[in-house]
Amino acid sequence: MRILFMGTPDFAVPSLEILDKNHEIIGVFTKIDKVNKRGNKIEYLPVKQYAIDKNIPIYQPTTLKNDEIIDEIKKLNPDLIVVVAYGKIIPKSIIDIPKYGIINVHSSLLPRFRGAAPINAALMAGDKKTGVTIMYVAEGLDTGNIILTRETEITEEDNFETLHDRLKELGAEALIEAVTLMEKGENESIVQDDSLATFVKPFRKEDLKIDWNKSAEEIFNFVRGLSPVPCAWTQDEGKTLKVYQVKKYDKVYEEGQNGEVVGKLKGKGPIVKVNGGSVIITSAKPESKKVLSGADLLNGNFIKIGNVFE
């Protein structure tokens, strides 16, 4: 099958790779290159780097709503377009071009968590399972018919990074299965139940701030759902502390206020009072410092008993 691939980040690479091994990739559409702020050098994003290594034609339009781009896609004459974390809306004028349509690898069990950051959202919501959905691209955002889904359990040890890495491989496996079904004409699809849909907007900085008035379970899920990126944060005496990991702690403290460092656990880290319980900060990054363990935060006096996080 002649496939045009649209994707950008690391999450999309396993899907591109498995398609490249089994089909003809006639081109890759990816977002424009980023400039490294430190060295002022252009950094090729993962999908582009793969395409360069494999000598696959690369397209980096600023918009898909362009007659020249639409004409170019028509000339490429793809049987199928596959979208994986591309980062751009596909207009109907392109959706109608391929013989088999356009399909997308979405990192949630649709219709739950449409939109941005579905992996983060599943963790932050405390879901016990998530997965990937292979779906047709429609005009609405993540509203197309579902071809198939594949599930995975969310464990207590998972954070965004571990779940992301598991889902990108699961997505590639589900994708090649779906493409095979399409070739055989066995790709029955089901309509999403819009009444069950939840929508996740892109994160703003203020959305990442820890609310210490929530429970230990809620804060635990919030922090791990944002770790290591985009990362939860709090303020300590006006300075920002990025929090990468907390552990739930059984002890309930009567003294102090929510957000206050009420104790320390040797070798583990500072204990913070929260609504109905407490948590231990086991990994965090003070301003202008590297990421430190909870024990090192205490040993370096970066966090002291009596501090109150805002």
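Small disclaimer: the values here were computed from a predicted structure and weren't measured.

Parameters and conventions
Residues numbered from 1 in each chain as written. Predicted model: local features only at pLDDT ≥ 70, side-chain atom pairs only at ≥ 80, totals over all residues. Heavy atoms only, no water. Helix = DSSP H or I, 4+ residues; strand = E, 2+ residues; numbered from the N terminus. Buried < 20%, exposed > 50% of the residue type's maximum accessible area, 1.4 Å probe, protein only. Areas by Shrake-Rupley, 256 points an atom, 1.4 Å probe, with all protein chains shown as cover. Lys, Arg positive; Asp, Glu negative; His and termini not counted. Charge placed at Lys NZ, Arg CZ, Asp CG, Glu CD. Axes fitted to C-alpha atoms, helices over the stretch in contact; angles between N-to-C directions. Parallel < 35°, antiparallel > 145°, perpendicular 65-115°, else oblique. Left-handed = near helix turned anticlockwise from the far one by under 90°. Contact = heavy atoms within 4.5 Å. Nonpolar A, V, L, I, M, F, W, Y, C, P; charged D, E, K, R; others polar. Arc of directions from axis to C-beta. Core = buried A, V, L, I, M, F, W, Y, C linked by side-chain atoms within 4.5 Å. Right-handed = clockwise from strand over helix to strand, strands pointing away. Pairing = 2+ DSSP bridges.

Draft legend 1. Expanded view of the overall build of the chain. Helix and strand content of the chain: 8 helices and 17 strands. Taking the principal axes of its C-alpha atoms as reference, the chain extends roughly 70 × 45 × 30 Å. The burial tally for the chain puts 49% of its 310 residues in the buried class. If you sum the accessible surface of the chain, you get close to 15,600 Å²; carbon and sulfur atoms cover 47% of it. Distance from the positive charge centre (42 side chains) to the negative charge centre (45 side chains) of the chain: 6 Å.

Draft legend 2. Seen up close, the packing of helix α1 (residues 13–22) against helix α2 (residues 46–53). For the pair α1 and α2, the least separation of the axes is 9 Å and the interaxial angle reads 25°. Between α1 and α2, the crossing angle belongs to the class labelled roughly parallel. For the pair α1 and α2, the sense of crossing is right-handed. Between α1 and α2, the residues in contact are Val13, Leu16, Glu17 and Asp20 and Pro46, Val47 and Tyr50, respectively. Split by residue class, the contact of α1 with α2 holds 5 nonpolar, no polar and 2 charged.

Draft legend 3. Structural detail: α2. Listed in full, the buried residues belonging to α2 are Val47, Lys48, Tyr50 and Ala51. Projected down its long axis, α2 shows its buried positions confined to an angular sector of 160°, all on one face. Residues of α2 that are buried sit in contact with β1 (2–7), α1, β2 (24–29) and β5 (58–59). Once α2 finishes, Asn55 follows within two positions and takes phi at roughly 55°, a positive value.

Draft legend 4. Representation of the nonpolar core. In this structure, Phe5, Leu19, Val82, Ile103 and Ile134 are the most contacted members of the largest nonpolar core, which totals 42 residues. Per-element accounting of this core gives the leading share, 10 residues, to helix α6 (residues 160–184). Here Leu19 is in contact with Ile3, Phe5, Ile25, Val82, Leu175, Ile176 and Val179, once residues within four sequence places are set aside. Listed in part, the 24 residues of the second largest apolar core include Ile219, Val223, Trp233 and Phe309.

Draft legend 5. Layout of the environment of Glu177. Take Glu177: it is sitting in helix α6. Through-space distance from the C-alpha of Glu177 to that of Asn145 is 16 Å; in sequence the pair is 32 residues apart. Leave out the neighbours within four places in its chain, and Glu177 touches Leu148 and Arg150.

Draft legend 6. The pairing of β1, seen in detail. Along β1, 5 of the 6 residues are buried, which leaves the element largely enclosed by surrounding structure. Between the parallel pair β1 and β2, the chain is carried across by α1, and the sense of this crossover is right-handed. Sheet analysis places β1 next to strand β6 (residues 80–84), joined by 5 bridges and oriented parallel. Paired with Gly7 across the strands is Val84, a residue of β6.

Draft legend 7. Representation of the pairing of strand β9 (residues 129–136) within the structure. Counting buried positions along β9 gives 7 out of 8 residues, so the element sits mostly inside the fold. As paired strands, strand β7 (residues 102–106) and β9 are joined by 4 bridges and run antiparallel to one another. Across the sheet, residue Val105 finds its bridge partner in β9, namely Ile134. Bridging between β9 and strand β10 (residues 146–153) involves 7 bridges; their strand directions are antiparallel. Paired with Val132 across the two strands is Arg150, which belongs to β10.

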